[in-house]
Structure formats: structure tokens, C-alpha cells
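Architecture and fold: a report
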Amino acid sequence: MHMKSGPAGALAAAFAVAGAHIGPAATWLPGVRGALAPVLDGRGDPGRVALTFDDGPDPGTTPHFLRALDELSVRATFFVLGSRLAEHPRLGMRMAADGHELAVHGWRHDRPWWPRPRRDVGDLARTAWLITEVCGDRPLWYRPPYGILTGGRWNAARSTGLRPVLWTSWGRDWTAAATPDSVRAEVNRTLRGGATVLLHDSDVTSAEGSWRAALGALPRIVADCRVRGLSVGRLRDHGLPRR
């Protein structure tokens, strides 16, 4: 076999690197990951629903979710941003003390279109270390911002000992048009036993005030699950492989 050289070879190599980096991001599509990677889809115990929140901790919004979850007797998994947890460690401690699970959402909420393997590993390792320091438990899970799981982020999660998990159902609660009714309807559209539900406890990367739609929908989503005989809780208890 003859290796290509010159400009054509360099172009082929560049395409290969880009493909390896961006190709896995196709798992953002529910049909792709549902068919090829049910664990990545967050499908666990068929008698349960895992409730997850992204983008906190946020002192202006997260405490509202903590109070609502306490009233519902539900414990959830919060995928936190390391930069936010570094600013609000006491809130992270409260979340853990209330029985909630903290997981890794990255250091910042950025888009990963260019390969940056060393930075990816560093960001995940730094966030995982901070969660461990603040909460006392090493995190198990990783969900990339925007759900875009590139090849570099796959490798970073593996090297950090984290299991990538996206979601089975979401509420589209990040838009300016979201309402409690629309969030509930969107979740219920795909909700089934074993699902992992994605909501947001902060609007730092979403439309301003959109968190109120998720908060308003939360009691009704939990009630819908319980009517179906499904318990609601953390990813940690959802029966997913951890490595």
C-alpha cells in the first residue's frame, strides 16, 4: 500500500482527524444513540425514571429546584459546570447534603468544534476533582454541553473515569417560548420506563427566565411518572453501567 504524500495526503489526514473528532457527535441525534448506544441514551431500570438537570449551580435559581424536589421527596442528578461550582461551592455542598448527585457538565459551556484533546482532559479532570472536593464523592457521569460528544470528549471522559450519558427525554425548557405546559408535553412525548429526563436548573446558557418553565413543569412531570408506576430519582440508582 502506498501512502499519499504532498497536499493530497495532508488533506486526507486533515479529513481523517476531523472525522474522528466530529463523527461521534452524531450521537446527539436521538435515533442514532437510541439504536446504537442505549446506555448513552440513559436507558436504565424500566421501573424508574432518572431526573437530571444541567448548567448549574446557580444561586438565583437552583435553590428553587432544591425546595421543589424536597417537597416531592425526589433526589436528582445535577450536571454542573466546574466554573459555576467554583464560584458557588456552598450551594454545591447543599445539593450533596440534600441527597442529590453531582455529575460533570464540563468546566464551561462551550462548543467543541475544534479538536483540543489536552484541554478536554484538563477541563473534565478539574471539574471532577472540584466535585469530589466540594461534595466528598467522586462523580460517575459526564454530559457534554449541548450534548455534543466529540471524539476528543469521548477520550477525555474515558481517561477521567467518567461514563458519558446524554438523555432519553427532554423538555426543550431552554427557549424563550417554553412554558410549564410545553415542557411537560415535550417530556411526555418520549417518556417511558427507564428514561433519563433532561431539564435545566439555570438559564445561564438559555433564554432569560426560561428556568421558570422547567420549575413549573417539575411537579407535574413527577406526578405523571408516578401515575405510570415509575419511581423518580438519580442516575446513580438507575442501573446504568458506571464504567
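Note: the structure precedes this text.
Here is a short report on the structure shown in this document.

Reading the values: the criteria
- Residues numbered from 1 in each chain as written.
- Predicted model: local features only at pLDDT ≥ 70, side-chain atom pairs only at ≥ 80, totals over all residues.
- Heavy atoms only, no water.
- Core = buried A, V, L, I, M, F, W, Y, C linked by side-chain atoms within 4.5 Å.
- Buried < 20%, exposed > 50% of the residue type's maximum accessible area, 1.4 Å probe, protein only.
- Helix = DSSP H or I, 4+ residues; strand = E, 2+ residues; numbered from the N terminus.
- Contact = heavy atoms within 4.5 Å.
- Pairing = 2+ DSSP bridges.
- Right-handed = clockwise from strand over helix to strand, strands pointing away.
- Axes fitted to C-alpha atoms, helices over the stretch in contact; angles between N-to-C directions.
- Parallel < 35°, antiparallel > 145°, perpendicular 65-115°, else oblique.
- Left-handed = near helix turned anticlockwise from the far one by under 90°.
- Nonpolar A, V, L, I, M, F, W, Y, C, P; charged D, E, K, R; others polar.

The next point concerns the nonpolar core. Ranked by size, the top nonpolar core spans 50 residues in total, and within it Leu51, Phe53, Leu69, Phe78, Leu199 and Leu218 carry the most contacts. The element best represented in this core is helix H9 (residues 211-227), accounting for eight residues. Sequence-distant contacts of Leu199, defined by excluding residues within four places in its chain, comprise Leu51, Thr52, Phe53, Asp54, Gly171, Asp173, Val183, Val187, Leu218 and Ile221. Core analysis: the next-biggest nonpolar cluster, separate from the first, contains eight residues, Ala103, Val165, Leu235 and Leu240 among them.

Another point: the pairing of strand S1 (residues 48-54). Burial analysis of S1 places seven of its seven residues in the buried class, the great majority of the element. Here S1 shows two buried faces, one formed by Arg48, Ala50, Thr52 and Asp54 and the other by Val49, Leu51 and Phe53. Pairing analysis gives three bridges linking S1 to strand S8 (residues 231-233), with the strands arranged parallel. When the sheet's bridge partners are listed, Arg48 is paired in S8 with Ser231. Across five bridges, S1 lies against strand S7 (residues 196-200) in parallel orientation. Residue pairing in the sheet places Asp54 in a bridge with His200 of S7. With three bridges connecting them, S1 and strand S2 (residues 77-80) associate as parallel partners. Paired with Phe53 across the bridge in S2 is Phe78. Since S1 and S2 lie parallel, the crossover through helix H3 (residues 62-72) that links them has a hand, and here it is right-handed.

This part takes up the packing of helix H6 (residues 117-135) against helix H7 (residues 151-160). Put simply, H6 and H7 touch, their axes get as near as 8 Å, and they point 40 degrees apart. Looking at the two axes, H6 sits oblique to H7. For the pair H6 and H7, the crossing hand works out as right-handed. Here Asp120, Val121, Leu124, Ala125 and Ala128 of H6 lie close against H7, whose contacting residues are Gly152, Arg153, Ala156, Ala157, Ser159 and Thr160. Per-class residue counts for the contact of H6 with H7 are six nonpolar, three polar and two charged.

What follows deals with the packing of H3 against H9. To characterise two packed helices, one gives the angle between the axes of the helices and the distance between these axes. Between H3 and H9, the shortest axis-to-axis distance is 10 Å and the interhelical angle comes to 15 degrees. Considered as vectors, H3 and H9 are oriented roughly parallel to each other. Note that H3 runs across H9; the crossing there is right-handed. Contacts from His64, Phe65, Ala68, Leu69 and Leu72 in H3 reach Trp211, Ala214, Leu215, Leu218, Pro219, Val222 and Arg226 in H9. Tallied by class, residues from the contact of H3 with H9 come to 10 nonpolar, one polar and one charged.

Okay, unusual backbone geometry next. The residue after Gly56, namely Pro57, is reached through a cis peptide bond having omega 0 degrees. With respect to the helices and strands, Pro57 occurs in the loop between S1 and H3. A positive phi angle, near 55 degrees, is found at Ser73, a position not held by glycine. With respect to the helices and strands, the residue Ser73 is situated in the loop between H3 and S2. Given a relative accessible area of 59%, Ser73 falls into the exposed group. The phi dihedral of Arg172 is positive, around 45 degrees, even though this residue is not glycine. Assignment of secondary structure puts Arg172 in the loop between strand S6 (169-170) and helix H8 (180-190).

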